[in-house]
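Chains, contacts and geometry: an overview
Okay, here's what each chain looks like letter by letter:
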Amino acid sequence: RLPSASVTPASVGWLQLCSAASWPTRKPTSLASACRSSDQLQCAHGATAAAAEEEEEEEDVDNEDEREYGHYFRPSPPPPPSPARDSREPAAQQRPYEPAAGVVGSFFVIGDWGYDTELHEVACRHRRRCVLLPRCQQAIADTMRAEARRRGNVRFVLNVGDNFYPQGVHGVDDPQWTEKWSDVYHGMDHMQWYSVYGNHDYEAPDWRCGCLSDPKQCHQVQKHGARHRNTSWYMPSTYYHARPLPGVNIEVVALDMNAADASKSCPWLVQSEGCSPAQCLRTLAEREVASARMLRERVAANRGGNLLVVSHYPTDFLLGRRPGGIDTIGLLRSHETRISYFGGHRHATAAHESGYAGTASIAPNRNWLTGGGGGWACDGQQGFLVGEIMADGRAVNVETVLIDDARCCTDP
């Protein structure tokens, strides 16, 4: 059982590490009144751990506090379902799957999925409103399973990061690999998960990853090639490129763009004695530059071909950034290479064209927000993407598969 959420001298130290944006204007009387928004749920795991050293006591949020700060409790209202699907029913029950001529396989895209039961118990118990319902991730996985059975040709998964909330994994033998990944997404045909790091994956248990230059120090990179039940983890580095379908002209390009939001990672990494803020910022910046250079090389190498580009961050986070002098948004807008871009970080699933994603256009190419994996909060509707690959390597018919809000984003 978790300790109470009272703000003690120890937990205040953790809370001071969090962004000042949207904080209450007076000193909070409880952790519940301090950590209100989905971004600030990050504070809860540090503050709660510190409070565990103090005497356990129960403290209700008083009515005055609730009236003054109650709006911080409430997640953003989810957008309506995408017209591509009626999300009130499992995808597998809607219609038979009839692939068009030339389709060689399907793929899934998901992000921000590694739900942590203990952390969210604090939010549900002390906020009186849950940021996310406990079985949302499982509901998404169940729907993925049904869709995989319906299609019978899903070949791989693109995973855009924030894989294990709230602070990544402690190593290759961490039970979270089973509890939050393979035990949740079991029952589908064997497929690779092409994965990247998100800001929550770069935290203190994996501090060497964020503070040392060698990606081989990263726990999730060390897991590369491991198979749990029917799932295989693919992450040879924090940035890489790979051919998911032999003989098909399509390439996965996985980017590490975590420097775009280093303020969400570095404050937690530097809790380790072996890491300084300067080290963290330098390491993430180096990887962003290396990722941009790799993207430039792969776009040039695939003229007339097809790229599936994956990063934790949606395209709007890349606007104005020129790592190593390289215009990444400009590369994604290539007229010579067909590019499909997938990012997460905001906790919703939507196509750019829907108006609900908040992403920047990369026309003539397309991009999607896929951070609604049921792991952290409801900034919009939760779900995943499914698309098809043609024999010539084109990614076509990419659709949102959305989960009914009653299963994810409203009070139990």
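Look up a bit, the structure's there.
Before going into details, it helps to say that this report is about the structure given with it. (Residues numbered from 1 in each chain as written. Predicted model: local features only at pLDDT ≥ 70, side-chain atom pairs only at ≥ 80, totals over all residues. Heavy atoms only, no water.)

Along the polypeptide, Gln137 turns up in helix H6 (residues 136-151). Overall, Gln137 belongs to the buried group, its relative accessible area being 6%. Here the alpha-carbon distance between Gln137 and Asp112, two residues 25 residues apart in the chain, equals 9.6 Å. Setting aside residues up to four positions removed in sequence, Gln137 forms contacts with Trp113, Gly114, Tyr115, Lys180, Val184, Tyr185, Gly373 and Gly374. Within the structure, Gln137 has its side chain in polar contact with the backbone oxygen of Lys180 (distance 3.1 Å). (Helix = DSSP H or I, 4+ residues; strand = E, 2+ residues; numbered from the N terminus. Buried < 20%, exposed > 50% of the residue type's maximum accessible area, 1.4 Å probe, protein only. Contact = heavy atoms within 4.5 Å. Polar contact = N/O pair within 3.5 Å; in protein donor to acceptor, adjacent residues only side chain to side chain.)

Moving on, we get to the side chain of Asn258. Examined against the element boundaries, Asn258 turns out to sit in the loop between strand E7 (251-254) and helix H10 (266-269). Overall, the relative accessible area of 0% leaves Asn258 in the buried class. Excluding its chain neighbours within four sequence positions, the residues that come into contact with Asn258 are Tyr197, Gly198, Asn199, Tyr202, Leu284, His312 and Tyr313.

Across the sheet, 6 strands lie side by side as E6-E7-E8-E9-E11-E10; this open sheet has mixed pairing. The open sheet has two edge strands, strand E6 (240-242) and strand E10 (349-351), and neither has a second partner. For this sheet the average axis-to-axis angle between neighbouring strands, irrespective of direction, equals 15 degrees. Bridge count between E6 and E7: 3 bridges; the pairing is antiparallel. Bridge assignment links Tyr240 to a residue of E7, and that residue is Ala254. (Pairing = 2+ DSSP bridges. Axes fitted to C-alpha atoms, helices over the stretch in contact; angles between N-to-C directions.)

Before going further, it helps to spend a moment on the pairing of E7. Burial along E7 is two-sided: Glu251 and Val253 facing one way and Val252 and Ala254 facing the other are all buried. Across 4 bridges, E7 lies against strand E8 (residues 306-310) in parallel orientation. Its bridge partner lying in E8, Val252 is registered against Leu308.

Next up on the list: the state of the cysteines. Under the defined criterion, the tally for this structure stands at 5 disulfides. Residue Cys209 pairs covalently with Cys218 via a disulfide, S to S 2.1 Å. Torsion about the S-S bond of the Cys209 and Cys218 cystine: about 80 degrees, corresponding to right-handed handedness. Comparing Cys209 with Cys218 shows no difference in burial state: the two are buried. Residue Cys266 pairs covalently with Cys280 via a disulfide, S to S 2.0 Å. (Disulfide = S-S within 2.5 Å.)

On to the sheet that holds strand E5 (residues 231-234). Sheet strands pair by backbone hydrogen bonding; their relative direction is either parallel or antiparallel. A sheet is described by the order of its strands in space; here 7 strands give the open sequence E4-E5-E3-E2-E1-E12-E13, paired in mixed fashion. Edge positions in the sheet fall to strand E4 (227-228) and strand E13 (395-402), since each of these pairs with one other strand and no more. One ladder, built from 5 bridges, connects strand E1 (residues 103-110) with strand E2 (residues 154-159); its direction is parallel. Each residue of the ladder has a partner; that of Phe107, found in E2, is Phe156. Taken strand by strand, H6 contacts E1, E2, strand E12 (383-390) and E13, and its axis lies near 25 degrees from that of E12.

Over its 16 residues, H6 extends 23 Å from the first C-alpha to the last, a length consistent with the 22 Å expected when each residue adds 1.5 Å. Where burial is concerned, most of H6 is hidden: 13 out of the 16 residues are buried. The positive-phi residue at the C-terminal boundary of H6 is Gly152, with phi of around 70 degrees. (Expected span 1.5 Å × (residues − 1).)

The subject of this paragraph is the pairing of strand E9 (residues 338-343). Most of E9 is tucked away: 5 of the 6 residues are buried. Taken together, the 4 bridges between E9 and strand E11 (residues 366-370) define a ladder with parallel strand orientation. The residue of E11 that forms the bridge with Ser340 is Arg366.

Cis rather than trans, the peptide bond between Tyr165 and Pro166 has omega equal to 0 degrees. Here Pro166 is to be found in the loop between E2 and helix H7 (176-182). Look at Asp162: it is not a glycine, yet its phi comes out positive at around 55 degrees. Counting through the fold element by element, Asp162 comes out in the loop between E2 and H7. If you check the backbone angles, His345 has positive phi at about 75 degrees while not being a glycine. Positionally, His345 belongs in the loop between E9 and E10.

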